Amino acid sequence: MIHVAAVGDVHFGPDAAGTLRPHFEHLVDRADLLLLAGDLTRVGAPDEARALAEELDGVGVPVVAVLGNHDYHCDKADEVTRILEGVGVTVLEGDSVVVPVNGSTVGVAGTKGFGGGFVGACGSEFGEPEMKAFMAHSRCLADRLEQALAGLEADVKVALLHYAPCADTLLGERLEIYPFLGCYLLGEAVDRGGAVLTIHGHAHRGSERGLTAGGHHVRNVAQPVIGHAYRLFCLGADGAGADPECATPALTGA
Ligand SMILES: [Fe+2]
Ligand SMILES: [Fe+2]
C-alpha cells in the first residue's frame, strides 16, 4: 500500500510558527509522501512562505505542492515557489513528478486550477474579453493538467489541485459562489488523464468526498473541512483502493 498524506489551506504565517511541525514529526512513519493543496499562505507574502518552509524543512517524506489563489495575491508567487523549493518541496503548475515508493511509483500531476463552474451553471468563452480570458485561463490550466496526467508513467496517478474538479465536494458552500470554487474542465481533465485520486482545497465550507463525472475519487482536504493536520489516504500499488481513508492524526493547537 502507498500512504499519501494531504492537506490544503493551511494559510500559514509567521505568527503560526511551530504549530504545524509537531504534527509532521511522525509523518515519516505514517506516510510515503505529503501533498499540499494550495493556499499555503494568507496573501502570498515571502515571510509567510518562509514560516511554512521552516515547518516543512526535514519533514522526512517527499512534499509536493500546488499554490492557491491566496498565494498569488502579493504577485510574488515565483518567490513563494522558490522559498518552498529551497527546503525540497516540489511545486507543480501544469507539470508532474514521480515519487518512488517501496518498489512502485506514485505520479502526481498538479495545477492550481481555476473557477468557471459546473455543468448547467458555468461560464463560457463568449462575450466580453474579460469573460473569455477568465474561461480561457481555466481551460488552459485544465488542458495542462490533462497533458501532465496523460504523460505520467507511474503505477498510481494522483491529481493535485487547489480549485475543485467537481461540485460534490463543494456541498456546504453557497451555490452562488460555485463558479469561483472550481470548474468542470478540471474534472474532465482528471477523467481523461486517469487519476485514481484527486486532491483539492479552496472550499473551506465544502465536503470531503466526491466523484468526477467519470467516477474518479475526489477529496477536499481544506484544513477547515478535514479538521486535522492532514488526511491520510491508502492507495493500492496497482492504482486501486483510493477508498477508504486511513486513520488520520488529530490536529491540535494549529
Ligand atoms: Fe483557502
Ligand atoms: Fe483558495
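About the thresholds
- Residues numbered from 1 in each chain as written.
- Chains lettered and ligands numbered in written order.
- Predicted model: local features only at pLDDT ≥ 70, side-chain atom pairs only at ≥ 80, totals over all residues.
- Heavy atoms only, no water.
- Helix = DSSP H or I, 4+ residues; strand = E, 2+ residues; numbered from the N terminus.
- Polar contact = N/O pair within 3.5 Å; in protein donor to acceptor, adjacent residues only side chain to side chain.
- Salt bridge = Lys/Arg side-chain N within 4 Å of Asp/Glu carboxyl O.
- pLDDT = per-residue confidence, 0-100.
- Contact = heavy atoms within 4.5 Å.
- Donors = N, O, S within 2.8 Å, 3.2 Å for Na, K, Ca; no water.
- Tetrahedral: all angles 85-135°; square planar, octahedral: opposite > 155°, others 65-115°.
- Buried < 20%, exposed > 50% of the residue type's maximum accessible area, 1.4 Å probe, protein only.
- Pairing = 2+ DSSP bridges.
- Axes fitted to C-alpha atoms, helices over the stretch in contact; angles between N-to-C directions.
- Parallel < 35°, antiparallel > 145°, perpendicular 65-115°, else oblique.
- Left-handed = near helix turned anticlockwise from the far one by under 90°.
- Right-handed = clockwise from strand over helix to strand, strands pointing away.

Note on placement: Arg231 falls in strand β13 (residues 231–235). Polar contacts involving the side chain of Arg231 include one to the side chain of Glu208, which spans 2.6 Å.

This part covers the pattern of salt bridges. Applying the stated criterion across every chain yields a total of six salt bridges. Here Arg139 and Glu125 are joined by a salt bridge, their closest N and O atoms 2.8 Å apart. Note that Arg139 is positioned in helix α5 (residues 129–150) and Glu125 in the loop between β8 (121–122) and α5, a separation of 14 residues in sequence. Here Glu146 makes a salt bridge to Arg192, at a shortest N to O gap of 3.0 Å. Residue Glu146 is found in helix α5, and its partner Arg192 is found in helix α6 (residues 184–193); the two are separated by 46 residues along the sequence. One continuous salt-bridge network, built from bridges that share partners, spans Glu146, Glu188 and Arg192.

In this model, the protein chain carries a mean pLDDT of 94, and residues with pLDDT of at least 70 account for 93%. Across residues 250–254, confidence stays below pLDDT 50; counting only partners more than four residues off in sequence or on other chains, it has twelve contacts.

The next thing to look at is the coordination of the iron ion (ligand 1). Donor atoms from the polypeptide that coordinate the iron ion (ligand 1) comprise Asp9 (OD), His11 (NE2), Asp39 (OD) and His204 (NE2), at 2.0 to 2.2 Å from the metal. Of note is the iron ion (ligand 1), whose four donor atoms meet at the metal with angles of 87 to 169 degrees in an arrangement that counts as irregular. Site description for the iron ion (ligand 1): donor spacing in sequence, D-x1-H-x27-D-x164-H. A separation of 3.5 Å is found between the iron ion (ligand 1) and the iron ion (ligand 2), which are bridged by Asp39. Of the two residues, His11 sits in the loop between β1 (2–7) and α1 (21–24) while His204 sits in the loop between β10 (197–200) and β11 (209–211), which places them 193 residues apart along the sequence.

Counting buried residues in β13 gives five out of five residues, a clear majority hidden from the surface. By the alternation rule, side chains of β13 split into Arg231, Phe233 and Leu235 and Leu232 and Cys234, which are all buried. Pairing of β1 with β13 involves five bridges; the strand directions are antiparallel. Residue Ala6 lies in a different strand from β13, and its bridge partner there is Arg231.

Reading across the sheet, the six strands line up as β5-β6-β9-β10-β12-β11 and stay open at both edges, with mixed pairing between neighbours. Each edge of the open sheet is held by one strand with a lone partner, namely β5 (95–101) and β11. Between one strand axis and the next, the sheet turns by 25 degrees as a mean value, whatever way the strands run. One ladder, built from six bridges, connects strand β6 (residues 104–111) with strand β9 (residues 156–161); its direction is parallel. Its bridge partner lying in β9, Val108 is registered against Val158.

Moving on, we get to the coordination of the iron ion (ligand 2). By definition of the ideal shapes, a tetrahedral metal site with four donors has angles of 109.5 degrees and an octahedral site with six donors has angles of 90 or 180 degrees. Every protein donor of the iron ion (ligand 2) is listed here as Asp39 (OD), Asn69 (OD1), His162 (NE2) and His202 (ND1), and their distances to the metal cover 2.1 to 2.2 Å. Given four donor atoms and angles of 90 to 154 degrees at the metal, the environment of the iron ion (ligand 2) is assigned as irregular. Spacing between the donor residues of the iron ion (ligand 2) along their common chain follows D-x29-N-x92-H-x39-H.

Turning next to the packing of α5 against α6. Where α5 contacts α6, the axes come no closer than 8 Å and their chain directions differ by 15 degrees. In terms of orientation, α5 and α6 fall into the roughly parallel class. Handedness of the crossing formed by α5 with α6: right-handed. The residues of α6 that touch α5, namely those facing Met135, Ser138, Arg139, Ala142, Leu145, Glu146, Leu149 and Ala150, are Tyr184, Leu185, Leu186, Ala189, Val190, Arg192 and Gly193.

Burial along β10 is two-sided: Leu197 and Ile199 facing one way and Thr198 and His200 facing the other are all buried. The pairing of β9 with β10 spans three bridges and is classified as parallel. Bridge pairing in β10 links Ala159 to Thr198. For the crossover from β9 across α6 to β10, the handedness is right-handed. Relative to strand β12 (residues 217–220), β10 runs parallel, the two being bridged by four bridges. Within β12, the position partnered with His200 by the bridge is Asn220.

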